[in-house]
Amino acid sequence: MRAEIPADVRLLVSSRAARRCEYCLLHEEDSFTPHQIDHIISRKHGGSSSPDNLAFACIRCNAWKGSDIASLGFEPDRVSPLFHPRKDRWLDHFRLEAGEIIPLTSVGAATVRLLRLNLLGRVTERRVLIQCRRYPRKEP
Ligand SMILES: [Zn+2]
């Protein structure tokens, strides 16, 4: 069952993120589909629908993330939590390099892989947006 997010909460989450996906930084205006409200800790794991557990996410990040909350990071056989937009700073876990999102930590590595942040089409899209000075819209 899908949780309905009240319009005022959606607006809060969207504006708090400056309308960018909090995982890949894609601005909603540069997406063919509206961004979505992500439960950072999914409801099936006990996460709430309070703003502290919500993030603004593009459809691709949200779809790849699904209800996952962890994956393997840099070290084999060691589970790492995914990037948590309310608790973590993007620049502590990732950096941008020619359109690619480079992980700096195990949290970053787990997130980059699980959310398929560097699929060729996504990197190509970012490179085009960089050339158009549309990505990233402001410093993360
Ligand atoms: Zn995204």
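From a predicted model like this one, the values you see are computed outputs, not experimental measurements. (Residues numbered from 1 in each chain as written. Predicted model: local features only at pLDDT ≥ 70, side-chain atom pairs only at ≥ 80, totals over all residues. Heavy atoms only, no water.)

A few points about the coordination of the zinc ion
This is how the line gets drawn: Coordinating donors are taken to be N, O and S atoms lying within 2.8 Å of the metal, or within 3.2 Å when the metal is Na, K or Ca; because water is excluded from the atom set, some sites may appear incomplete. Each label reflects the angles at the metal, where four donors whose angles all fall between 85 and 135 degrees are tetrahedral, four or six donors whose opposite pairs open beyond 155 degrees and whose other angles stay between 65 and 115 are square planar or octahedral respectively, and the rest are irregular. Runs of E in the DSSP output that reach at least two residues are strands. Runs of H or I that reach at least four are helices, and both are numbered from the N terminus. The classification of residues rests on relative accessible area computed with a 1.4 Å probe and restricted to protein chains. Under 20% of the type maximum is buried, over 50% is exposed, and intermediate values are partly exposed.
Binding of the zinc ion to the protein goes through Cys-21 (SG), Cys-24 (SG), Cys-58 (SG) and Cys-61 (SG), at separations of 2.3 to 2.4 Å. The site at the zinc ion holds 4 donor atoms, and with the angles between them running 102 to 117°, its shape is tetrahedral. Donor residues for the zinc ion, ordered by position in the chain, follow C-x2-C-x33-C-x2-C. Within this pair, whereas Cys-24 is found in the loop between helix H1 (7–16) and strand S1 (36–39), its partner Cys-61 is found in helix H2 (residues 59–65), the two being separated by 37 residues in sequence. For the pair formed by Cys-24 and Cys-61, the shared burial category is buried.

Points about helix H5 (residues 120–131)
Note the threshold: The span you would expect from a helix comes to 1.5 Å times its residue count less one. Think of it as the arc spanned by the lines of direction from the helix axis to the C-beta atoms.
Along its 12 residues, H5 runs 17 Å from first to last C-alpha, staying within 8% of the 16 Å computed at 1.5 Å per residue. Along H5, the residues classified as buried are Arg-122, Val-123, Arg-126 and Leu-129. Down the axis of H5, the sector holding all buried residues measures 120°, keeping them to one side. Pointing more than 90 degrees away from the buried face of H5 are the exposed residues Leu-120, Gly-121 and Gln-131.

So, the packing of aromatic side chains
Rules: Note on aromatic pairs: the rings of Phe, Tyr and Trp (six-membered ring only in Trp) are paired at centre separations within 6.5 Å, and the planes decide the class, stacked below 30 degrees, edge-to-face beyond 60, tilted for the rest.
The tally for this structure, following the rule as stated, stands at 3 aromatic pairs. Considering the side-chain rings of Tyr-23 and Phe-83, the 6.2 Å spacing of their centres and the 80° angle between planes classify their relative orientation as edge-to-face. Taken together, the residues span a long stretch of sequence, with Tyr-23 in the loop between H1 and S1 and Phe-83 in the loop between strand S4 (79–81) and helix H3 (90–93) at a distance of 60 residues. Each member of the pair, Tyr-23 as well as Phe-83, is classed as buried. Look at Phe-83 and Phe-94: their rings are 5.3 Å apart centre to centre, the planes differ by 75°, and that puts the pair in the edge-to-face class. One end of the pair, Phe-83, is in the loop between S4 and H3; the other, Phe-94, is in strand S5 (residues 94–97), with 11 residues separating them in the sequence. Under the relative-accessibility criterion, Phe-94 is labelled buried at 1%.

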